[in-house]
Each structure stands twice: as structure tokens, then as C-alpha cells.
Amino acid sequence: MPTLLVKNIHTLITMDAARREIRNGALFVRDRAIEQVGTTQELPATADEVLDLQGRYLVLPGLVNTHHHFYQTLTRVVPAAQDCDLFNWLTTLYPIWAKLTAEGVYVSAQMAAAELLLSGCTTASDHLYIYPNDCTLDDEIRAVQEIGMRFHASRGSMSVGESLGGLPPDSVVEKEPDILKDSQRLIEQYHDNSRHAMTRITLAPCSPFSVSQDLMRESAKMARLYPGVRLHTHLAENKSDVTYSLENFGMIPGDYAESVGWLGEDVWHAHCVQLSDDSILKFGKTGTGVAHCPCSNMRLASGIAPIRKMLDHNVPVGLGVDGSASNDAGNLIQEARTAFLLARVRDRDASAITAREILEIATLGGAKVLGRDDIGYLAPGMSADFIAINCDRPQFAGAHHDLVAALIFCQVHSVDYSFINGKRVVDQGRLTTVELETLVEKTNRIAQGMLES
Ligand code: ZN
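A brief structural summary. Model, not experiment: these values are computed from the prediction.

One pass over the full model with this rule turns up 30 salt bridges. Across the salt bridge formed by Asp 138 and Arg 185, the nearest N and O atoms sit 2.7 Å from each other. Of the two residues, Asp 138 is situated in helix H3 (residues 137-147) and Arg 185 in helix H4 (residues 176-190); the sequence distance between them amounts to 47 residues. Exposure remark for Asp 138: the relative accessible area of 16% places this residue in the buried category. A salt bridge links Arg 195 to Asp 373; the shortest N-O distance between them is 3.2 Å. Of this pair, Arg 195 sits in the loop between H4 and strand S9 (199-205) while Asp 373 sits in the loop between helix H12 (355-369) and strand S14 (386-390), and the two are 178 residues apart along the sequence. Overall, Arg 195 belongs to the partly exposed group, its relative accessible area being 37%. Judged by its relative accessible area of 57%, Asp 373 falls in the exposed class. Linked through salt bridges whose partners overlap, the residues forming this network are Asp 138, Arg 155, Glu 174, Asp 182 and Arg 185.

Our next topic: H4. The terminal C-alpha atoms of H4, which comprises 15 residues, lie 21 Å apart, in line with the 21 Å expected from a rise of 1.5 Å per residue. Buried within H4 are the following residues: Glu 176, Ile 179, Leu 180, Asp 182, Ser 183, Leu 186, Ile 187 and Tyr 190. An end-on view of H4 places all buried positions within 165 degrees of arc, on one side of the element. Among the exposed residues of H4, those oriented more than 90 degrees off its buried face are Pro 177, Lys 181 and Glu 188. Looking at the buried side of H4, the elements it contacts are H3, strand S8 (150-157), S9 and helix H5 (213-223).

Our focus in this paragraph is the coordination of the zinc ion. The zinc ion binds to the protein through His 67 (NE2), His 69 (NE2), His 234 (NE2) and Asp 322 (OD), with metal-donor distances spanning 2.1 to 2.5 Å. The sequence motif formed by the donor residues of the zinc ion is H-x1-H-x164-H-x87-D. With His 67 in the loop between strand S6 (63-65) and helix H1 (86-97) and Asp 322 in the loop between strand S13 (317-319) and helix H11 (332-347), this pair connects stretches of sequence that are 255 residues apart. You'll find His 67 and Asp 322 in the same group, each marked buried.

Here is what the cut-offs are and how they apply
Residues numbered from 1 in each chain as written. Predicted model: local features only at pLDDT ≥ 70, side-chain atom pairs only at ≥ 80, totals over all residues. Heavy atoms only, no water. Salt bridge = Lys/Arg side-chain N within 4 Å of Asp/Glu carboxyl O. Helix = DSSP H or I, 4+ residues; strand = E, 2+ residues; numbered from the N terminus. Buried < 20%, exposed > 50% of the residue type's maximum accessible area, 1.4 Å probe, protein only. Expected span 1.5 Å × (residues − 1). Arc of directions from axis to C-beta. Contact = heavy atoms within 4.5 Å. Donors = N, O, S within 2.8 Å, 3.2 Å for Na, K, Ca; no water.

Listed below in C-alpha cells is the structure:
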């Protein structure tokens, strides 16, 4: 099995139980997993592949993205949806999304993954919930497998259209038996629950205002038949979302989730901006996770999720960039910085959250939310997923006394190296697995077609 040595790391940020930050650090990898962590002097002097970072790079665990809609890369900055709140934004975009094709799913998935990889993400979850024309989740899985990112693919769904009181037009919803049949097929075809798995499946009915309570219950029942298959949806995103829940179910969103069996260690909800204090306690007690998406929440004026309160009540919190049409970026390390700043604004307290706590949310937090015990920190036996960032970049000038905090305080836009499952996916700031210029061209061509037709 091939070995890899990364040596002369300026600071190795392990995120392990002791939160060790090792000066002149090194990592020794065998095949897909880390075998040794320590100083350059302590580790073997050589390996099949050696990366000498010459004391000029920080290395940390790859960041984890817990909520996204890759296909929305094709509908960024749509003029009619630029200044809308959540429900108006959705109803403006549904007819455009109805033109999505299998090719669009494939290309947008690679484009979104490329943006994530270049900004430090090594594991992502994506939520594809609209399947018009020839779209399947298979094309997205193939796209991400080819680009080399660790991937949790969510089989999303919408089944309650306008005629039944839902938000989406009837033309983009599916029949519930078809959704469940395809969900089972995808789990049996792709879900890998083994350690260091690169592909896992999640079941993800889209939101309270686009699926029935029955589909929520049936999806939960099915997911729980298969070890490692998790549940994901949108919850309590803004005030209209809460109003819809009260009017249609007679319950606030947290109680709605509980009533359909959607609290538990195998569940995580996106946003939770308007989660009540009582629901936060229930999430903490049951281990129900939250994907915090600060840029999207600001962009759609949904509000600021109370992540300090969530952390204080033991709610697992991870970061999500959310879909590329409501961010409209997919830069995970920048999302971490935004989460950091916004948590302080929310509580009007400059000590509400520290830079190192945000790094924990972006790595350990995301791993917990996705139910992984093989990623999120660097230690023997863990997956070899890590990123390296050059300390000499202008944004770090004057901050060398605490470069770990500088990762969040200062503006880092991209990484120099990224290894996933022991493979070099970003090398000197460039992707090794796709031709980026061609990918951008294809994305622009498909996006233009969807807006014009
Ligand atoms: Zn979303």
C-alpha cells in the first residue's frame, strides 16, 4: 500500500481531543488512512510520496460542508430572484429549475464541488430535491466520485404541489411511492457504511411546505433500516416557514419534526434560524444536528441562527454554504469566517464565539452532523483528509503570532493543497481531477440555456 509523508509543516492543527497544534509537524499516511502524527523529527524520514512544506504552510483537517444544492450553481444571481425572501425566491426559481437536465446535474455538481475543494472542503453533503426531465441522483454521484470529493448524496424530494397547499408548482413534484422506490434503489446501489467510505446516501424530503407528514415518516422508517443512512431536511428557516407550520400542522417547526420522528442522532436540519428555545433543548437532548448557513440566511434576510445557544445545549452544529442560488458563493472557509462574525453580531458580544471554536464547527462539528467517526480530526486511524494553506500569503501579513486564529480572522479564499483519502486533489492551488476552464464554460452554457429558453 502506498505511503505519503507530509513534513516540515509550520503548524499542524490536529483538532484531536487535546486540540494539539504541533510546530514543525508531519503526517505519515498509508493508503487511505493516517498512520502517524507528530513532529518532522519523530516521523519516518521518507515515503513513496513526500511533500516537503518547508516550514511555510499550515495543515488542518479538511472542512466539512453539511448543506448545499449543487444544481443551483446554474441559477446564480437570477435577476428576478435577487431581492426576494425565501418563499418568493423559491416560486421565482421553480419554473427555471424545471428545465434542469441530467447533463446540468452532472456539470453543476462538478462546478460546485470544484469551488468547495478549492476553499478547503474535503467532505460535502448535497441535497438534490428536484428531478425534472431525465435527472437522477446517479449523475451527481458519478460527477462527485470523478472529482474525488468525499460525498454524502441526499435523495431529496417534493410531493406536495400548489394544488395540495404546498409551495412548488405541481409540475415539479413527484409521487410518494416513486420517491420511496428510488430512495431504496439508491441506498442499495451506492450507500457504503464502511470506514473511509467515499459515498453515503441520505434521505431528504425537502421541507415542511413541500412534502407530506406521511413521506417524512416513511422516509425515516426506510432510512433506519439501513445502518449509516441519515435524514436531512430544511427546518425553521424564516418566519414564513414557522407560520406555514402553525397554519398547516398546528405546531412550531421543532414540534413538527418531533411529531414525524425527525429528532435523533441520525437527523440533521438545515438553517434552524427560528428554532424555539424549547426545541433547542430537545435537539440537544436527542443529538439532532443543525447545518448553519449564515450567508444564505443573510442573503434571503431569514435571520441569524442562535448557534452559541445551540452549542451551549450540546446541539451538534456544522457549517453549510447552502445552494449556490442563495449565497451565491460556495466558499467554505469564507463561510466559516462569516459564521464567526455573525455569531458575535447576533449576541452583540465579541466573545460569543472564538476563531478556534469556528474551526471546530467547520471540521469536528461537520463530521458529527454527518455521523462520521473517521474524519474531522487528524490522528492515527483517521481518513487522510487534510488541507494546507501557505502562511506567506498577504492576508496573513502581521498575523504570524497566531496563524491558527488568523485562518478565521483574516481572509483566506483558497487552499494550496488538499488530500482526500490520501489522494492529492488540489496541488499548488490547482485541481488535479478536472479541467477548470472547460468546466466553467460548460456551466455558463447550460446556465444561459436555462434562463433563455
Ligand atoms: Zn437549502
